[in-house]
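Analysis of the macromolecular model
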Amino acid sequence: MRRPYHSKTYKVEISFAAKISMQAIADAIRGQESENSQEALRVLDIILRQHAAKQGCLLVRQSFFHNDPKNFTDVGGGVLGCRGFHSSFRGTQGGLSLNIDVSTTMIIQPGPVVDFLISNQNARDPFTIDWAKAKRTLKNLRIKTTTSNQEFKITGLSELPCKEQMFTLKQKGANANGEVDTSEVTVYDYFVNHRGINLRYSADLPCINVGKPKKPTYFPLELCSLVSLQRYTKALNTLQRSSLVEKSRQKPKERMDTLSHALRSSNYDAEPMLRSCGITISSQFAQIEGRVLNAPKLKVGNGDDFFPRNGRWNFNNKKLVEPIKLEKWAVVNFSARCDIRSLVRDLIKCGQMKGIMIEPPFDVFEENPQVRRAPPLVRVEKMFEQIKGKLPGAPQFLLCLLPERKNCEIYGPWKKKNLADYGIVTQCMAPTRVNDQYLTNVLLKINAKLGGLNSKLAVEQNPSIPLVSKVPTLILGMDVSHGSPGHSDIPSIAAVVSSRQWPLISRYRACVRTQGSKVEMIDNLFKRVSDTEDQGIIREILLDFYTSSGKRKPEQIIIFRDGVSESQFSQVLNKELDQIIEACKFLDEKWNPKFTVIVAQKNHHTKFFQPGSPDNVPPGTVIDNKVCHPRNYDFYMCAHAGMIGTTRPTHYHVLLDEIGFSPDDLQELVHSLSYVYQRSTTAISVVAPVCYAHLAATQVGQFLKFEDISETSSSQGGGVTAAGAIPVPQLPQLEGKVCNSMFFC
């Protein structure tokens, strides 16, 4: 029971804000969208949130999580994945729709604080916990104590252990002078002797403080338990992330059952606010018509044709369409344990079968065991001293063997040294499970990086892509990647990938720049530094297209933009497209290329299921009716075969189409661009230029990871962010020999 003197009375004033008409939604569905319809949909979404809040859910925007241990899954480190569901209203061609989907968030493991800390720090017992780290982790988390039913927020830890931490205890009642007697006691003494509570292990551990800075309130650690459904917002490590993905996967049938159950248990029909808005929700999934596009024909070596089946193909008994010759190369081993001679022998043999002629390597450079414990930058420097001492000239290629697969700290400095300082193409691998398939995949990457092509579309070979093959056409993929949550000082990285050697649409290069932290719009597309000089991304791309496409300027530019939400569509046209047009005009005032701008979204909650089938929708599935926008030009595509879990379609929004594609031609082009990804023998879920932009941003982002940010920003004199104070560290330029290569493959 709460003690009576804890109760407080609050006065609440409710003021009238606005009257929102539901008629606006009906207008929006008929294609007359307005600011009011967005407002009205927001009101309905707020009702959904409120409905979930009344059921005691954790709310994360429009996703709702019940406090049910059946929905929890342990991902390690004291973190649980909590399964819930996303629920929001959308105006679609089929009318007002409820969009519902399975959603997962991270929560702190509820229960005794000490158990959480042991899991979080992977400690043996409470006495090996790092308390400075624990203090940071626990701050602001909510706990309940076994002594009361009240919730408290943790403000810190005591400086001293429980048996030494003193506080002033007021005696009950007044003394003869009418004053309250006080005495100094330890927290341990108070709970054991005054409250009669047996403490097993808290005596030598710090206490939890739930008081204010000047007026602390202490509880022994073992009396405190973390309340359920508290979000964990830090970035997950690699193991936690793979565990989460593994455990939250669901086959289509299982996912449908989960969603049907979520809809039933939500009991929206009982929500009076929805009823008063005149809304009832069907218990059935919306039925829609889709089409399946045929896979494009591919060209492989020796002029052979290949027809992918179920979104896949392979190079068994086939040669690559344009294999490279590998002559001057060497192997570098950073203390990876493996039989290098047999690895090299198998690589050469496998290459031969694919048409890649590989000479034996010049040498194998082993890391000096004494350097193994040195910082990553030093290890890379020492290795290059060895290489320069032995090799007669710069190699064409270096194969780098790393000791671990994920998050190897040598990766960033190694890539930077090769690509920015020396212009050497390099492929890293961690030779743990090496077989034929693995070596083939490595060779696909090496071939693409060194200027070869693994396969290409038949419609590229004899140029017959509608509108694209007729006049010089440049295809761009644009993406911005941001640092992990909580790192506001790490700059965002913008990557723009561009096609080259028109009429091909399988060859690309990347241009990568830093910009202000968490800035989504790319601000370096046009960068005028004087009346005659532009140092922007687009100029670099246009000049490369001109030189690689037979001295022809692009008359058409197709832009695929990843990672922007609907609220930012206007900025893509008003800010980014404007900069691109400016860059074109700066090169030639009279030049007016036509633009098509398409946003690709993967981060949405629409899923498609085949009625009466446990399988995913087939690769090539396109949906452009009923669940699409009532007025805007958009469509969903599942180009890939979903082998595990439920396929997530890509939602393409056509913001502008000056080129004038027919819907069928545009969908065919998007579908074809999912088949030109050189790193794998499968169709991928989003067009290759977008995927490459993401890879390029991630890889070049590693350059910054191991440098002192303050040092790079002062030496490079980087640009200033919107905040005005912190300069953005600039990335080093890629060396001329590799800047036009597919180094990101």
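The notes below deal with the structure included here. Since this is a predicted model, take the numbers as computed values, not measurements.

Regarding its fold elements, the protein chain presents 18 helices and 32 strands. The globule rule puts the C-alpha radius of gyration for 745 residues at 27 Å, and the 30 Å found for the protein chain is close to it. The dimensions of the protein chain, computed from C-alpha atoms along their principal axes, are 105 × 75 × 60 Å. Scored against the burial criterion, the 745 residues of the protein chain give a buried share of 50%. Across the protein chain, the fraction of contacts at a sequence separation of at least 24, relative to all contacts at a separation of at least 6, is 68%. Summing over all exposed atoms, the protein chain offers an accessible surface of approximately 37,100 Å²; the carbon and sulfur share of this is 49%. Counting 93 positive and 73 negative side-chain charges, the protein chain places the averaged centre of each group 3 Å from the other.

Here we take up the sheet that holds strand β21 (residues 364-366). The sheet built from 4 strands is open, its strands ordered β21-β19-β22-β23 with parallel pairing. Looking at which strands have only one partner, the edges of the open sheet turn out to be β21 and β23 (425-429). For this sheet, the mean angle separating the axes of adjacent strands, direction not counted, is 20°. Strand direction decides the pairing type here: strand β22 (residues 397-401) and β23, joined by 5 bridges, are parallel. The residue bridging L401 from the neighbouring strand is M429, located in β23. Sitting on the sheet, helix α9 (residues 340-354) touches β19 (329-333), β21, β22 and β23, and the angle it makes with β19 is about 140°. This element, helix α11 (residues 411-422), spans β19, β22 and β23 of the sheet and lies at about 165° to β23.

Time to look at the nonpolar core. By size, the foremost hydrophobic cluster in this structure holds 84 residues, and its most contacted members are W329, I505, F560, Y652, L673, Y692 and F744. Ranked by residues supplied to this core, first place goes to helix α17 (residues 688-705) with 10 residues.

Our next topic: a positive patch on the surface. On the surface, K8, K170, K212 and K215 cluster together to form a positively charged patch. As for its position among the elements, K170 is in strand β10 (residues 166-174).

Next up on the list: the packing of aromatic side chains. Counting across every chain of the model gives 18 aromatic pairs. Considering the side-chain rings of Y508 and Y692, the 5.6 Å spacing of their centres and the 55° angle between planes classify their relative orientation as tilted. In this pair, Y508 is assigned in strand β27 (residues 508-515) and Y692 in helix α17, connecting sequence segments 184 residues apart. Y508 gets classed as buried once you look at its relative accessible area, which sits at 0%.

Right, let's get into the side chain of Q579. One can find Q579 in helix α15 (residues 569-587). Not counting residues within four places of it along the chain, the set of residues in contact with Q579 comprises I522, D523, N524, L525 and F526.

It is worth spelling out a nonpolar patch on the surface at this point. A cluster of nonpolar side chains, namely Y10, V12 and I14, defines an oily patch on the protein surface of about 440 Å² accessible area. For I14, the location among the structural elements is in the segment before α1 (23-29). Here I14 falls in the exposed class, since its relative accessible area comes to 78%.

Another point: helix α2 (residues 35-54). A rise of 1.5 Å per residue sets the reference length of α2, with its 20 residues, at 28 Å; its end C-alpha atoms lie 29 Å apart and thus fit the reference within 8%. Taken together, the buried positions of α2 are S37, A40, L41, L44, D45, I47, L48, H51 and A52. Take α2 and look down its axis: the buried residues cluster within an arc of 145°, on one side only. Along α2, exposed side chains directed more than 90 degrees from the buried face belong to E35, N36, I46 and K54. Downstream of α2 by a residue or two, G56 has a phi angle that is positive, lying close to 80°.

Moving on: the state of the cysteines. Here the structure, examined in full by the defined rule, presents 0 disulfides. Left without a disulfide partner, C224 is nearest to the cysteine sulfur of C207, which lies 8.8 Å away. This cysteine, C350, is not joined by any disulfide, and C338 carries the nearest cysteine sulfur, 16 Å off. Since its relative accessible area comes to 2%, C350 is described here as buried.

Turning to helix α6 (residues 238-248), a few remarks are in order. What α6 keeps buried is the set T238, Q240, S243 and L244. Contacts from the buried residues of α6 go to β3 (72-76), β4 (79-92) and β5 (95-108). With a side-chain oxygen positioned 3.1 Å from the backbone nitrogen of L239, the residue opening α6 is N237.

Time to look at the pairing of β22. Among the 5 residues that make up β22, 5 are buried, leaving the element largely enclosed by the rest of the structure. Burial along β22 is two-sided: the residues F397, L399 and L401 and L398 and C400 are all buried. With 5 bridges connecting them, β19 and β22 associate as parallel partners. Within the sheet, the bridge partner assigned to V332 lies in β22 and is C400.

Reading the values: the criteria
Residues numbered from 1 in each chain as written. Predicted model: local features only at pLDDT ≥ 70, side-chain atom pairs only at ≥ 80, totals over all residues. Heavy atoms only, no water. Helix = DSSP H or I, 4+ residues; strand = E, 2+ residues; numbered from the N terminus. Rg over C-alpha atoms; globule rule 2.2 N^0.38 Å. Buried < 20%, exposed > 50% of the residue type's maximum accessible area, 1.4 Å probe, protein only. Contact = heavy atoms within 4.5 Å. Areas by Shrake-Rupley, 256 points an atom, 1.4 Å probe, with all protein chains shown as cover. Lys, Arg positive; Asp, Glu negative; His and termini not counted. Charge placed at Lys NZ, Arg CZ, Asp CG, Glu CD. Pairing = 2+ DSSP bridges. Axes fitted to C-alpha atoms, helices over the stretch in contact; angles between N-to-C directions. Core = buried A, V, L, I, M, F, W, Y, C linked by side-chain atoms within 4.5 Å. Patch = residues over 30% accessible without salt bridge, like charges linked within 9 Å, V, L, I, M, F, W, Y side chains within 5 Å. Salt bridge = Lys/Arg side-chain N within 4 Å of Asp/Glu carboxyl O. Phe/Tyr/Trp six-rings, centres within 6.5 Å; stacked < 30°, edge-to-face > 60°. Expected span 1.5 Å × (residues − 1). Arc of directions from axis to C-beta. Disulfide = S-S within 2.5 Å. Polar contact = N/O pair within 3.5 Å; in protein donor to acceptor, adjacent residues only side chain to side chain.

Just distances and angles here, no functional claims.
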